[in-house]
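# A look at the structure
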Amino acid sequence: SRRVHRDAEYGHQEGEINFWMPLTHYSKTKTTLWAESEPNRGDFHPFEVDHGSIAMFHGSLCHHSVPPNKTNHIRVSLDFRIGVGPFFDPDWTIPGVDHVHPRRQYT
């Protein structure tokens, strides 16, 4: 998303951790995810993560965005979240947000 946001604005809760995995080479576009190091710190830094690596951050609370890709190369990434055991509240909701992000347990 080009808009600076926290995932909590879209119905995600604090008990989720974001993972961001580029499927294309950062070196070709220099277009990458930018995020704060801590919530509301405002110290945005680029994730210089290349194909074959993965980054982890607290996207529910930390602001983040991706600037426009101004190159002729495609940027593709896989983004997902994991609810962390005791920090994930299965009954959590945000007033006014209709989309539900249920927890799925895998063993």
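Residue numbers restart at each chain and count upward from 1, following the sequence in its written direction. Totals for whole chains, interfaces and linings use every residue, but because this is a predicted model, local features are given only for residues with pLDDT of at least 70 and side-chain atom pairs only at 80 or more, for both listing and counting. With hydrogens and water excluded, all non-hydrogen atoms of the structure serve as input to the side-chain values.

Put simply, DSSP H or I for four residues or longer makes a helix, DSSP E for two residues or longer makes a strand, and each gets a number counted from the N terminus. Assigned secondary structure in the chain consists of 1 helix and 6 strands. Counting from the amino terminus, the chain carries its helices and strands in the arrangement β-α-β-β-β-β-β. Expressed as lengths along the three principal axes of its C-alpha atoms, the size of the chain is roughly 45 × 35 × 25 Å. Burial status across the chain gives 30% buried among its 107 residues. Burial classes follow relative accessibility: with a 1.4 Å probe on protein chains only, a residue under 20% of its type's maximum area counts as buried, one over 50% as exposed, and anything between as partly exposed.

Once that is clear, we can look at the sheet that holds strand β1 (residues 16-22). Strand pairing follows a simple DSSP-based rule, namely that at least 2 bridges must link the two strands. Here 3 strands make up an open sheet; going across it, the order is β4-β1-β6 and the pairing antiparallel. Each edge of the sheet is formed by a strand with only one pairing partner; in this case those strands are β4 (55-57) and β6 (77-83). Along the sheet, successive strands turn relative to each other by an average axial angle of 20°, direction set aside. With 3 bridges joining them, β1 and β4 adopt antiparallel strand pairing. Note that in β4 the partner of W20 across the bridge is A55. Axis definition: a line fitted to C-alpha atoms, limited for helices to the stretch in contact. Angles are taken between N-to-C directions and run from 0 to 180 degrees.

Our next topic: the environment of P86. Within the secondary structure, P86 is located in the segment after β6. Residue P86 is classed as exposed on the basis of its relative accessible area of 78%. Here the alpha-carbon distance between P86 and G15, two residues 71 residues apart in the chain, equals 8.0 Å.

To continue, consider the pattern of salt bridges. Salt bridge, as used here, is a side-chain nitrogen of Lys or Arg placed within 4 Å of a carboxyl oxygen of Asp or Glu. If you walk through the whole model with that rule in mind, you get 5 salt bridges. Two residues, R6 and E9, come together in a salt bridge whose shortest N-O distance is 3.8 Å. You can call E9 partly exposed: its relative accessible area is 34%. With its nearest N and O atoms 3.6 Å apart, the salt bridge here joins R41 to D43.

Turning to the confidence of the model for the chain, a few remarks are in order. Averaged over every residue, the pLDDT of the chain is 86; residues scoring 70 or more account for 92%. Mean pLDDT per element in the chain: helix α1 (residues 26-29) is the minimum at 86, and strand β2 (residues 34-35) is the maximum at 96. Confidence of the predictor at the level of single residues is given by pLDDT, which spans 0 to 100.

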